[in-house]
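Structural overview for review
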Amino acid sequence: MKTYELTVDEVCPDELKAGRKHIWFCKMWDILRERGLTSYSTQVGRVVVKARAVVLHVLLAETEFKIYGDAATKSRPLETDLLDDEEAEALYHHFCSDLLPDDFDKKAMLIPVIEASRTLVVEALTRTYSPPKLAAITYYVFDNPEDVTERTDGTDVDEKGRPLMTVKEFNRRYWSYMNENWSIKLGEALRRNVEGARKAFQWIYDGCPCVREGYEF
């Protein structure tokens, strides 16, 4: 049976195709790809892989909420165009033994599906990067104050005034640096921003459990 693979471009909504969240998503998708979790050979397998991508969308929103709290960008990660109603129903039947009520909508079908997929995805991430290291990398993608720069060259910046890095630029400037110094930098983050950094660290250390029922942010 022939095997296919979903690429990162196929599982990113338009709002996630630039900036730091895109960088984090690409790196986490690479981890899933290396573990064979982005490949499929059947149509059901394809939507299962899509569900793993939605888990990453959810983890992004939950991380942002843990770091910034109510100041986080309002996002509802299950309301993407990644899965249609038919695919959501197929996933529900694949993961859940309960009969589907007539009045279930897509979001209601996806909640148990995402929770069923969450454990596998989080395990893949934390096996590649220990929970403290994953916390350090994630935190610095979201909030690295040393990278706040006044731009005079017309370069796009995010809402915090940081340059909108490409994945290539992130690799050049940060990836090896974080690999070598993540424990020191996480300690600095904990001292500098006790509330957000510690909440994010503890949440990742606990296995990234669901932050809010219904994924309402």
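Here we summarise the structure given alongside this text. (Residues numbered from 1 in each chain as written. Predicted model: local features only at pLDDT ≥ 70, side-chain atom pairs only at ≥ 80, totals over all residues. Heavy atoms only, no water.)

1. What to know about the overall build of the protein chain
Helices and strands together make up the secondary structure of the protein chain, namely seven helices and two strands. When its helices and strands are written in sequence order, the protein chain yields β-α-β-α-α-α-α-α-α. Counting only contacts in the protein chain whose residues sit at least 6 apart along the sequence, the fraction spanning at least 24 positions is 70%. Surface accessibility of the protein chain: about 11300 Å² in total, with carbon and sulfur atoms responsible for 48%. (Helix = DSSP H or I, 4+ residues; strand = E, 2+ residues; numbered from the N terminus. Contact = heavy atoms within 4.5 Å. Areas by Shrake-Rupley, 256 points an atom, 1.4 Å probe, with all protein chains shown as cover.)

2. A short note on unusual backbone geometry
For Cys 208, which is not glycine, the phi dihedral falls at a positive 55 degrees. Position of Cys 208 among the secondary structure elements: in the segment after α7 (194-205).

3. Digging into a negative patch on the surface
Residues Asp 84, Asp 85, Glu 86, Glu 89, Asp 102, Asp 103 and Asp 105 make up a contiguous surface patch of negative charge. Looking at the secondary structure, you find Asp 105 in the loop between α3 (85-95) and α4 (106-128). According to the relative accessible area criterion, Asp 105 is partly exposed, its value standing at 45%. (Patch = residues over 30% accessible without salt bridge, like charges linked within 9 Å, V, L, I, M, F, W, Y side chains within 5 Å. Salt bridge = Lys/Arg side-chain N within 4 Å of Asp/Glu carboxyl O. Lys, Arg positive; Asp, Glu negative; His and termini not counted. Charge placed at Lys NZ, Arg CZ, Asp CG, Glu CD. Buried < 20%, exposed > 50% of the residue type's maximum accessible area, 1.4 Å probe, protein only.)

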